[in-house]
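The residues making up each chain are set out below.
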Amino acid sequence: MEVQIRTMRIEDYEGVYGLWKTIHGFGIRSIDDSREGTERFLKRNPDTSIVAERDGEIVGSILCGHDGRTGYFYHVCVDERYRNQGIGRKMATAAMRALQREQINKVSLIAFKTNEIGNQFWHRFGWRERTDVNVYDFILNDENITRFNK
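Residues numbered from 1 in each chain as written. Predicted model: local features only at pLDDT ≥ 70, side-chain atom pairs only at ≥ 80, totals over all residues. Heavy atoms only, no water.

Q: How would you sum up helix 3 (residues 87–101)? Please name residues and give values.
A: With 15 residues, helix 3 ought to run about 21 Å at 1.5 Å a step, and its terminal C-alpha atoms sit 21 Å apart, in line with that. In the core, the buried residues of helix 3 are packed alongside strand 1 (4–7), strand 2 (50–54), strand 3 (57–66), strand 4 (71–78), strand 5 (107–109) and helix 4 (116–124). One or two positions beyond helix 3, positive phi appears at Q103, with a value near 65°. (Helix = DSSP H or I, 4+ residues; strand = E, 2+ residues; numbered from the N terminus. Expected span 1.5 Å × (residues − 1). Contact = heavy atoms within 4.5 Å.)

What follows is the structure in structure tokens.
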């Protein structure tokens, strides 16, 4: 059976999460990547996240959303058994088209520096690595916010 590329639904969560757990070098966060966190993301971005499905099994996924200006790809992955078949490109294209329908003209993603396969993929298809900006994270918990506010 052929791989179907379609919009992700919360009903896909168990299959998507199971896939995430098989990907080497993948960063899963307990709150954001929980079912509740993923459902919150999908409610905010109902038409832009994508899955690849074959015979009822999720074999690829992209969490995709935007802030009204820029689109963002998170957790882009394809099951190792199905790589090099164009699934990643088809999913990325579907997500980019969904962003265009929402009048978003630019998309960004974060790939860990140690993710050689992912970085090679994005470079091969013309994505530009940004070296002119720094990316910062700040965990929003009471202790950090209190320390920041002092």
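Q: Talk me through unusual backbone geometry; I want residue IDs and the actual numbers.
A: Backbone geometry at H75 places phi at a positive 55°, although glycine is not the residue there. Here H75 shows up in strand 4. Overall, H75 belongs to the buried group, its relative accessible area being 18%. You will see that N84, though not glycine, has its phi angle at about 65°, which is positive. In this structure, N84 sits in the loop between strand 4 and helix 3. Given a relative accessible area of 79%, N84 falls into the exposed group. (Buried < 20%, exposed > 50% of the residue type's maximum accessible area, 1.4 Å probe, protein only.)

Q: I'd like a description of the sheet that holds strand 5, backed by residues and values.
A: Strands in a sheet are paired, the pairing made by backbone hydrogen bonds, and the direction either parallel or antiparallel. Strand order in the open sheet formed by 5 strands is 1-2-3-4-5, and the pairing between neighbours is mixed. Each of the sheet's edge strands pairs with one partner strand only, and the pair in question is strand 1 and strand 5. Shown here is a sheet whose adjacent strand axes are inclined to one another by a mean of 25°, direction ignored. Of the strands in this sheet, strand 2, strand 3 and strand 4 touch helix 1 (residues 13–22), which is tilted by about 95° from strand 3. Contacting strand 1, strand 2, strand 3, strand 4 and strand 5, helix 3 crosses the sheet at an angle of about 160° to strand 4. (Pairing = 2+ DSSP bridges. Axes fitted to C-alpha atoms, helices over the stretch in contact; angles between N-to-C directions.)

Q: Report on the packing of aromatic side chains, specifying residues and quantitative values.
A: Taken as a whole and judged by the stated rule, the model has 10 aromatic pairs. Ring centres of F73 and W122 lie 6.1 Å apart, and the angle between their planes is 50°; this geometry places the pair in the tilted category. Of the two residues, F73 is situated in strand 4 and W122 in helix 4; the sequence distance between them amounts to 49 residues. The burial state of F73 is the same as that of W122; both residues are buried. Here a set of aromatic residues connected by ring pairs shows up, and it is made of F73, F121, W122, F125 and W127. (Phe/Tyr/Trp six-rings, centres within 6.5 Å; stacked < 30°, edge-to-face > 60°.)

Q: Explain a nonpolar patch on the surface to me, using residue names and the numbers behind them.
A: On the surface, a nonpolar cluster with roughly 480 Å² of combined accessible area is contributed by F138, L140, I145 and F148. Secondary-structure assignment places F148 in helix 5 (residues 142–149). By relative accessible area, F148 is classed as exposed at 65%. (Patch = residues over 30% accessible without salt bridge, like charges linked within 9 Å, V, L, I, M, F, W, Y side chains within 5 Å. Areas by Shrake-Rupley, 256 points an atom, 1.4 Å probe, with all protein chains shown as cover. Salt bridge = Lys/Arg side-chain N within 4 Å of Asp/Glu carboxyl O.)

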